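Residue-level structure breakdown
Next come the chains, spelled out residue by residue.
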Amino acid sequence: MASLALRNLSRNRRRTLLSAGIVALGCALSLVVLGFVERSRALIQESTVQQFGNLQIADPNLLDGRAEGFAYLIDPVRRVQVEELVRAERGVVGTTAQLSLSGLLAVRRTTAVVRAVGVVPENGVLDYNDLVVEGRGLRPGDVGAVLVGRTLAEELGLRPGDFLNLTATTVAGAFNVSPLEVVGIFRFSSAEVERAQVFVPLAFAQLLLATDGVDRVVVRLDRLGRTWAAARAIGARLRAAGLALEVRTWDVLSPFYRGLSAFFDLLFGFLVAAVFVLVFFVVLQILTLSFLERTREVGTIRALGTRRDEVFRLFVAEGLWLGLLGGGVGVLAGLGLSLLFNGVGIPWQPPGTVEAVALGVDLTPAVVGIPWTVSVLSTALSAVLPAYQATRVSVADALRAV
Amino acid sequence: MRQGSFCYVKGAPVLEGRALTKFYTLGKERVRALDRVDFTAVQGDFTVVNGPSGSGKSTLLNLLALIDRPSEGEVLFDGQPTGSLPERALAALRREKIGLVFQTFNLIPVLSAAENVEYPLLLTRTPRAERRERVREVLAEVGLADLARRRPDELSGGQRQRVAVARALVTQPRIVLADEPTANLDSATGTQIMELLRGLNGEHCVTFVVVTHDPAVIPYAERVLTIRDGRIVGEERRGEPRPA
């Protein structure tokens, strides 16, 4: 039956090529778009992890933006306890602590509200020094040093070697101000981060807030895929130790990533649905015509004793073969197009970012498998209705058909 | 023409029609295509049902072949009523016990001659080796052993009808029903086909029912039924079986 179904495709080669071509086109386009979406998603994942680390451990009130005062701070004893618990988990590359504060940055006659992130310089986990494009990064021993974003530096006319003041409120509620030297300018994928965030040594942040606490422990893992399992395991360890802290993964910490990722999913879902519907209806028309032309043949094979379900399977198998053929060609065409895109490297600036990236297509098993599966399924499904109709005609009537 | 070569071993009735009546609806009109026709085909018979176009002979054949159901009456196969059988059981009977030959050959164009002949054996799940052997034998029987790989469009009309006959015979059915088997052939080829059928009846006791409006077919019949306006109006036995 499978062989007969395949041979039936050779009856009208032009029609078969047209149908397979439509399936292939849909499959190839889906593959390229999905690959592009996945590449973009990977880039954003990378920059998000670069910003947040894989995991952050902090007071839930801080993480949910409900913190009042500085009750969320983690004192040195609890910090050590947390870091020991975390390091016992498999796949943990290292931990570091941060202390963030909101402050008023003043340079010459200009001020800007910024979020200063206090980091341990050269901690080997997450110190943002790799983002520096001008000047140098933060070094151990630095206290009154700051890294400012490229956008903020342009807006305030800052250069490495310039000085500015940062004002904040201490944990006791007093105003505190301290001078800082701009030692480096950093770039980031998001203009918003470049404008509103600066990096200072943790010691400086603690000095400015007059505390020895930190607000979060950042965890770096050996691979991204381990994030969620590690979060569950570390969360369990914290609860077992009686620590009222919570673990958040990088994707939860970044509303931007979540929004964009949801948009990508929607975009691809819409595309897949559009391709599915297009392929379904075009192939439905073609197969209906093809099966109608063979009504007498259906009568013949039914008269010879072929059951209705066998006729049904024969015709659906024809659709399946068409899908396999079109999907196969589509995958090859999509791979070719993707390699072409990747080779040429067309520059593209994603929305909300400050730097163009090479337009690329990620070729993963899912990127190839999903469009192919959708193409094959939509083609096979489009054969179902005409196949069903073919089985309903009476044998005697079918034999009389011209 | 081959004379005196009918099957002389007669058996039980294979196919019977009792008071077969068939109505068709044409627009608002109800047309009686068959009117209480009684019919019996005994094992080894070579029966020709003769009548003009529109006389009801193809309708009768469709009912006997179990591809259509009578409006009234009953078809019995090997003495068993078929009226209450579900579609799947009728398909099984057609597959295993009935061979069909059509006026327009009705071969599957994408299959070779051998594959067309093999098709019914695929339906009966016959093992591959046995399928190949039986196809080879039956193609040799109809004189097409050398053309087994050709597709229908590479064969003449007579050769196509021989393939159709081989396809009808390959499952070793209890009866072969042929609908106007010579109508699309020239007279010489028609003669060859009828001699082939007659030979198969004489040598292998294959039971045949042939419906035709072609008078040239009648001399090959052992028994001739004449049908007109949906009724059997005459029966003539032209050859007597030889004693066993």
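Refer to the structure presented above.
Quick summary incoming for the structure in this document. In this text the structure is predicted, and so the values were computed from the model without any measurement.

**A few points about unusual backbone geometry**
Residue and element names in this part refer to chain B. Located in the positive-phi region is Arg-36, a residue other than glycine, with phi close to 50°. Here Arg-36 lies in strand 2 (residues 29-42). For Arg-36, a relative accessible area of 57% puts it in the exposed group. At Arg-125, a residue that is not glycine, the phi angle is positive and equals roughly 55°. On the secondary structure map, Arg-125 appears in the loop between helix 3 (113-123) and helix 4 (128-141). Residue Arg-125 is classed as exposed on the basis of its relative accessible area, which comes to 57%.

**Here we look at the pattern of salt bridges**
Per the stated rule, a full pass over the model turns up 38 salt bridges over all chains. Of the charged contacts, one joins Glu-130 of chain B and Arg-134 of chain B as a salt bridge, the two residues approaching to 2.8 Å between their closest N and O atoms. Of this pair, Glu-130 of chain B and Arg-134 of chain B both sit in helix 4, separated by 4 residues, roughly a single helical turn. Judged by relative accessible area, Glu-130 of chain B falls into the partly exposed class, the value being 37%. Judged by relative accessible area, Arg-134 of chain B falls into the buried class, the value being 15%. Between Arg-136 of chain B and Glu-133 of chain B there is a salt bridge whose closest N-O contact spans 2.7 Å. In this pair, Arg-136 of chain B and Glu-133 of chain B both sit in helix 4, 3 residues apart, roughly one turn of the helix. One connected set of salt bridges, linked through shared partners, spans Arg-307, Asp-309, Glu-310 and Arg-313 of chain A together with Arg-88 and Arg-125 of chain B.

**Details of the pairing of strand 5 (residues 145-149) of chain A**
Residues and elements named next belong to chain A. With 5 of 5 residues buried, strand 5 is to be regarded as a mostly interior element. Burial along strand 5 is two-sided: Ala-145, Leu-147 and Gly-149 facing one way and Val-146 and Val-148 facing the other are all buried. The pairing of strand 5 with strand 7 (residues 175-186) spans 5 bridges and is classified as parallel. Opposite Ala-145, over in strand 7, you have Glu-181 as the bridge partner.

**Some remarks on the interface of chain B and chain A**
Between chain B and chain A, the residue contacts involve 24 residues of the former and 23 residues of the latter. Looking only at chain B, the three residues that lose the most surface to chain A are Ile-67, Val-110 and Tyr-119 of chain B, adding up to 23% of its buried area. There are 3 salt bridges connecting chain B and chain A. Note that Asp-309 of chain A is salt-bridged to Arg-88 of chain B, the shortest N-O span being 3.5 Å. Put simply, chain B and chain A have 6 residue pairs in polar contact (both at pLDDT 80 or more) between them.

**A look at the packing of helix 3 of chain B against helix 5 (residues 157-169) of chain B**
Residue and element names in this part refer to chain B. At a closest axis distance of 7 Å, the pairing of helix 3 and helix 5 adopts a crossing angle of 25°. Considering their axes alone, helix 3 and helix 5 lie roughly parallel with respect to each other. Our pair here, helix 3 against helix 5, has a crossing hand that is right-handed. Together, Ala-113, Asn-116, Val-117 and Pro-120 of helix 3 and Val-163, Ala-166 and Arg-167 of helix 5 make up the contact between the two elements. Of the residues in the contact of helix 3 with helix 5, the class split is 5 nonpolar, 1 polar and 1 charged.

**Structural notes on the layout of surface pockets**
Considered as a void within the structure, the second largest pocket measures approximately 540 Å³ in volume. If you go around the second largest pocket, you meet 26 residues; those closest to its centre are Arg-400 of chain A together with Ser-58, Asn-62, Gln-103 and Asp-179 of chain B. Of all the secondary structure elements, the ones that give two or more residues to the lining of the second largest pocket are helix 15 (395-400) of chain A together with helix 1 (57-64), strand 6 (98-101) and strand 7 (175-179) of chain B. Of the residues forming the lining of the second largest pocket, the biggest block, 5 residues, is contributed by helix 1 of chain B. Considering only residue class, the lining of the second largest pocket consists of 11 nonpolar, 10 polar and 5 charged.

**Focus: a nonpolar patch on the surface**
All names here are of chain A. Together, Leu-337, Leu-340, Val-344 and Ile-346 make up a nonpolar patch on the protein surface, roughly 350 Å² of accessible area in all. Its location among the elements puts Ile-346 in the loop between helix 12 (308-344) and strand 11 (347-348). Since its relative accessible area comes to 35%, Ile-346 is described here as partly exposed.

**Some thoughts on the sheet that holds strand 6 of chain B**
Residue and element names in this part refer to chain B. Taken in spatial order, the 6 strands of this open sheet run 6-7-8-3-9-10, and their pairing is mixed. Taken across any chain shown, the strands that pair with only one partner, and hence form the sheet edges, are strand 6 and strand 10 (231-237). Strand-to-strand twist in this sheet, taken as the mean axis angle between neighbours without regard to direction, amounts to 20°. With 4 bridges connecting them, strand 7 and strand 8 (residues 208-212) associate as parallel partners. Pairing of Asp-179 across the sheet is with Val-211, part of strand 8. Seen against the sheet, helix 5 touches strand 6 and strand 7 and runs at an angle of roughly 170° to strand 6.

**Quick word on the sheet that holds strand 1 (residues 13-26) of chain B**
Residue and element names in this part refer to chain B. In space, the 4 strands of this open sheet follow the order 2-1-4-5, with antiparallel pairing throughout. Each having just a single partner strand, strand 2 and strand 5 (80-81) make up the two edges of the open sheet. The pairing of strand 1 with strand 4 (residues 72-77) spans 5 bridges and is classified as antiparallel. The residue bridging Arg-18 from the neighbouring strand is Glu-74, located in strand 4. The sheet strands contacting helix 1 are strand 1, strand 2 and strand 4, and the helix crosses strand 1 at an angle near 125°.

About the cut-offs
Residues numbered from 1 in each chain as written. Chains lettered and ligands numbered in written order. Predicted model: local features only at pLDDT ≥ 70, side-chain atom pairs only at ≥ 80, totals over all residues. Heavy atoms only, no water. Helix = DSSP H or I, 4+ residues; strand = E, 2+ residues; numbered from the N terminus. Buried < 20%, exposed > 50% of the residue type's maximum accessible area, 1.4 Å probe, protein only. Salt bridge = Lys/Arg side-chain N within 4 Å of Asp/Glu carboxyl O. Pairing = 2+ DSSP bridges. Contact = heavy atoms within 4.5 Å. Buried area = accessible area lost by both parts, 1.4 Å probe. Polar contact = N/O pair within 3.5 Å; in protein donor to acceptor, adjacent residues only side chain to side chain. Axes fitted to C-alpha atoms, helices over the stretch in contact; angles between N-to-C directions. Parallel < 35°, antiparallel > 145°, perpendicular 65-115°, else oblique. Left-handed = near helix turned anticlockwise from the far one by under 90°. Nonpolar A, V, L, I, M, F, W, Y, C, P; charged D, E, K, R; others polar. 1 Å grid on protein atoms, 1.4 Å probe; cavity = no way out; pocket = protein on both sides within 12 Å on 5 of 7 lines; lining within 4 Å. Points joined across faces, edges and corners; volume = space filled by probe spheres on them. Patch = residues over 30% accessible without salt bridge, like charges linked within 9 Å, V, L, I, M, F, W, Y side chains within 5 Å. Areas by Shrake-Rupley, 256 points an atom, 1.4 Å probe, with all protein chains shown as cover.

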